[in-house]
Amino acid sequence: MYLPDERADRLNSLYEQLDGRSKVAGEGGIEKHADFMEALVDFAIEHEDELADRLGIKKE
C-alpha cells in the first residue's frame, strides 16, 4: 500500500506506540504485519459505515 511519507510515518509511529504498550504490559509486543496490519484491516472492515463517511460515500 502506498502512503505519502507523512502518513507512513504516522502509521509507523502508531505501530511503535502500540508495540511498546504491549511490551510494557508484559505481552511481548506485536508483529507489524501479522498482528498490527491485520487488525487495522479488520477494524476498517468492521467499521464500514464510518469508513464510507470518511470517503464521502453516501448511504443508499
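First things first, this report covers the structure right here in the doc. Keep in mind the model is a prediction, meaning the values are calculated, not measured.

1. Focus on the overall build of the chain
Secondary structure summary: the chain contains three helices and zero strands in total. For the chain, the α and β elements follow one another from N to C terminus as α-α-α. A globule of 60 residues ought to have a C-alpha radius of gyration of about 10 Å, yet the chain, at 14 Å, is considerably larger. Here the C-alpha coordinates of the chain stretch approximately 45 × 25 × 15 Å along the principal axes. In the chain, which comprises 60 residues, the proportion classed as buried is 12%. Just so you have it, the chain exposes about 5,500 Å², and 51% of that area is on carbon and sulfur atoms.

2. Observations concerning helix H1 (residues 5–24)
Helix length check: H1 (20 residues) gives 28 Å between terminal C-alpha atoms against 28 Å at 1.5 Å per residue, within 8%. Leu11, Tyr15, Asp19 and Ser22 are the residues of H1 that are buried. Down the axis of H1, the buried side of the element spans an arc of 70 degrees, and every buried residue falls inside it. Exposed side chains of H1 directed beyond 90 degrees from the buried face belong to Asp5, Glu6, Asp9, Arg10, Glu16, Arg21 and Val24. Summarising the contacts, the buried residues of H1 are in contact with helix H2 (32–46). Two residues or fewer after H1 comes Gly26, characterised by a positive phi angle close to 80 degrees.

Procedures and definitions
Residues numbered from 1 in each chain as written. Predicted model: local features only at pLDDT ≥ 70, side-chain atom pairs only at ≥ 80, totals over all residues. Heavy atoms only, no water. Helix = DSSP H or I, 4+ residues; strand = E, 2+ residues; numbered from the N terminus. Rg over C-alpha atoms; globule rule 2.2 N^0.38 Å. Buried < 20%, exposed > 50% of the residue type's maximum accessible area, 1.4 Å probe, protein only. Areas by Shrake-Rupley, 256 points an atom, 1.4 Å probe, with all protein chains shown as cover. Expected span 1.5 Å × (residues − 1). Arc of directions from axis to C-beta. Contact = heavy atoms within 4.5 Å.

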